[in-house]
Amino acid sequence: ATAGVTCVPFSGGQPKGGVDDGPVEMVRFGILDQLQGMGYAVELSAGMDKYKTMKPAQDPPIGVLKNPRYVAMAARRVSEQVREHCEAGRMAVTLGGDHSIAMGTLVGSTAVYGDDLCVVWVDAHADINTPSTTTSGNLHGCPLAYILGLCQASTPSDPFAWVPRGCVRKDRLVYIGLRDVDPAEKLILRQHGIKAFSMHDVDKHGIGRVVEMALDHVNRDRSLPVHMSFDVDALDPSVAPATGTPVRGGLTFREGHYICEAVAETGCLVALDLVEVNPALGDPESLRQTVAVGCSLVRCSLGERLL
Ligand code: DIR
Ligand code: MN
Ligand code: MN
Ligand code: MN
């Protein structure tokens, strides 16, 4: 099998620098060699340094949205790289970077797999704010609103006009790990009947049952392709401290890995995002720990087994 790896050193979807160094730190930690050691051929997308230089000279806010053109350009490029990997039948692995790049990864995977594609979104946050509900204006809190078609292209000059609204079906999205959801996002989830397993559900049912219920919701027969988008802040800050928006009460080390192992076991995974590793936050040990856990989540998702 071949892993098509796209490194996206991008931080424009949120205000903290450093998350753009997530991919290079994971590569330095050895993720590419580790995948090869597992038997994968690795095909690396070219020009990963380009993202840092893509910033347009003029990018004033649109409404409250920050860096809208920069985010849109980067995500569009990601979408092309992920689409190429999926077209070639590779497992598309995208290393972020902040979570706004998932707008690109999902456009890329759905371009190939269509609306059969199921999305497992592992995150402390719902990332489903629309341009009108976001209070932060940070686009890493918005990718799913665009993807699901909750915000229409308003003007021809919308930098996100290239995003096919509704490329992922609402009934094919499921969340695991939520615990910091904005009031407007709660309304959106309820209004559209989007399935979400919060940390309360993980406590109540245990992670084994939660993953089973999540997969049953989007993919009962385990026959459809799955794209997992894993925000490292889904993990408890004691496990993954070096991330921009840590929220206490998160997944344990084992719960995070269990999700990846169980998804890998289905044999349905076609695309994986591992995002929001920010090596600039915290002491060297926090950084090492977070980079290491990011790499091990990637390996488990791609089938590394304990026995
Ligand atoms: C918040 C935080 N819901 C926002 N989102 C984060 O800015 O829209 N996403 N941190 O990862
Ligand atoms: Mn998050
Ligand atoms: Mn939106
Ligand atoms: Mn996120």
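Definitions and limits used
Residues numbered from 1 in each chain as written. Chains lettered and ligands numbered in written order. Predicted model: local features only at pLDDT ≥ 70, side-chain atom pairs only at ≥ 80, totals over all residues. Heavy atoms only, no water. Donors = N, O, S within 2.8 Å, 3.2 Å for Na, K, Ca; no water. Helix = DSSP H or I, 4+ residues; strand = E, 2+ residues; numbered from the N terminus. Buried < 20%, exposed > 50% of the residue type's maximum accessible area, 1.4 Å probe, protein only. Axes fitted to C-alpha atoms, helices over the stretch in contact; angles between N-to-C directions. Left-handed = near helix turned anticlockwise from the far one by under 90°. Contact = heavy atoms within 4.5 Å. Nonpolar A, V, L, I, M, F, W, Y, C, P; charged D, E, K, R; others polar. Phe/Tyr/Trp six-rings, centres within 6.5 Å; stacked < 30°, edge-to-face > 60°. Lys NZ or Arg CZ within 6 Å of the ring centre and 35° of its normal. Pairing = 2+ DSSP bridges. Lys, Arg positive; Asp, Glu negative; His and termini not counted. Salt bridge = Lys/Arg side-chain N within 4 Å of Asp/Glu carboxyl O.

The next thing to look at is the coordination of the manganese ion (ligand 2). A four-donor tetrahedral metal ideally has 109.5 degree angles, and a six-donor octahedral metal ideally has angles of 90 or 180 degrees. Every protein donor of the manganese ion (ligand 2) is accounted for by Asp-123 (OD), His-125 (ND1), Asp-231 (OD), Asp-233 (OD) and Asp-233 (OD), and the metal-donor separations fall at 2.1 to 2.5 Å. For the pair the manganese ion (ligand 2) and the manganese ion (ligand 4), the metal-to-metal distance amounts to 3.2 Å, and Asp-123 bridges them. Placement of the pair is His-125 in the loop between strand E4 (118-122) and helix H6 (143-148) and Asp-231 in strand E7 (residues 226-231), with a sequence separation of 106 residues. Assigned by exposure class, His-125 and Asp-231 land together as buried.

Following both chains from N to C, one finds helix H4 (residues 68-87) and helix H5 (residues 102-113) inclined at 35 degrees, their axes separated by 7 Å at the closest point. Between H4 and H5 lies a crossing whose hand is right-handed. Contact with H4, carried on its side by Ala-75, Val-78, Ser-79, Val-82, Arg-83, Cys-86 and Glu-87, involves Met-103, Gly-104, Thr-105, Val-107, Gly-108, Ser-109, Ala-111, Val-112 and Tyr-113 of H5 and no other residues of that element. Here the contact of H4 with H5 is composed, by residue class, of 9 nonpolar, 5 polar and 2 charged.

This next bit is on the coordination of the manganese ion (ligand 4). Coordination of the manganese ion (ligand 4) by the protein comes from His-99 (ND1), Asp-123 (OD), Asp-127 (OD) and Asp-231 (OD), over a distance range of 2.0 to 2.2 Å. Here the donor residues of the manganese ion (ligand 4) share one chain and are spaced in sequence as H-x23-D-x3-D-x103-D.

Moving on to the packing of aromatic side chains. Within a pair of aromatic rings, the relevant descriptors are the distance that separates the centres and the angle that separates the planes. Following the criterion strictly, the structure yields 2 aromatic pairs and no others. Between Phe-10 and Tyr-70, the ring centres sit 4.7 Å apart and the planes meet at 70 degrees, which makes this aromatic pair edge-to-face. Taken as a pair, Phe-10 in the loop between strand E1 (2-8) and helix H1 (22-29) and Tyr-70 in helix H4 lie far apart in primary sequence, 60 residues in all. Taken individually, Phe-10 and Tyr-70 each receive the classification buried, so the pair is uniform in this respect. Ring centres of Tyr-146 and Phe-160 lie 4.7 Å apart, and the angle between their planes is 40 degrees; this geometry places the pair in the tilted category. Here Tyr-146, found in helix H6, pairs with Phe-160, found in the loop between H6 and strand E5 (173-178); they are 14 residues apart in sequence, far enough to count as distant. Exposure class is identical for Tyr-146 and Phe-160. Each is buried. Geometry around Tyr-51 places Arg-77 over its ring, the cationic atom sitting 4.8 Å from the centre.

Moving on to the sheet that holds E4. Pairing is parallel across the open sheet formed by 8 strands, whose spatial order is E2-E1-E3-E8-E7-E4-E5-E6. Only two strands of the sheet have a single partner each, and these edge strands are strand E2 (41-44) and strand E6 (195-198). Between one strand axis and the next, the sheet turns through 15 degrees on average, direction left out of account. Judged from the 4 bridges that link them, E1 and E2 form a sheet pairing that is parallel. In the sheet register, Gly-4 faces E2, and the bridge partner there is Glu-43. Here H1 sits on the sheet and contacts E1, strand E3 (91-96) and strand E8 (269-275); the angle it forms with E3, its principal contact strand, is near 115 degrees.

Now for the side chain of Asp-201. Secondary-structure assignment places Asp-201 in helix H8 (residues 199-205). In this structure, Asp-201 is buried with no salt-bridge partner, the nearest side chain bearing the opposite charge being Lys-204 at 6.0 Å. If we ignore the near neighbours within four places in the chain, the residues touching Asp-201 are Ala-196, Gly-206 and Val-210.

Let us now look at unusual backbone geometry. Most peptide bonds take the trans configuration, and most residues that are not glycine carry a negative phi. The linkage connecting Gly-96 with the following residue, Gly-97, adopts the cis geometry, with an omega of 15 degrees. Tracing the backbone through its elements, the reader meets Gly-97 in the loop between E3 and H5. Backbone geometry places Glu-276, a non-glycine residue, at a positive phi of 75 degrees. Mapping Glu-276 onto the fold places it in the loop between E8 and helix H11 (284-301).

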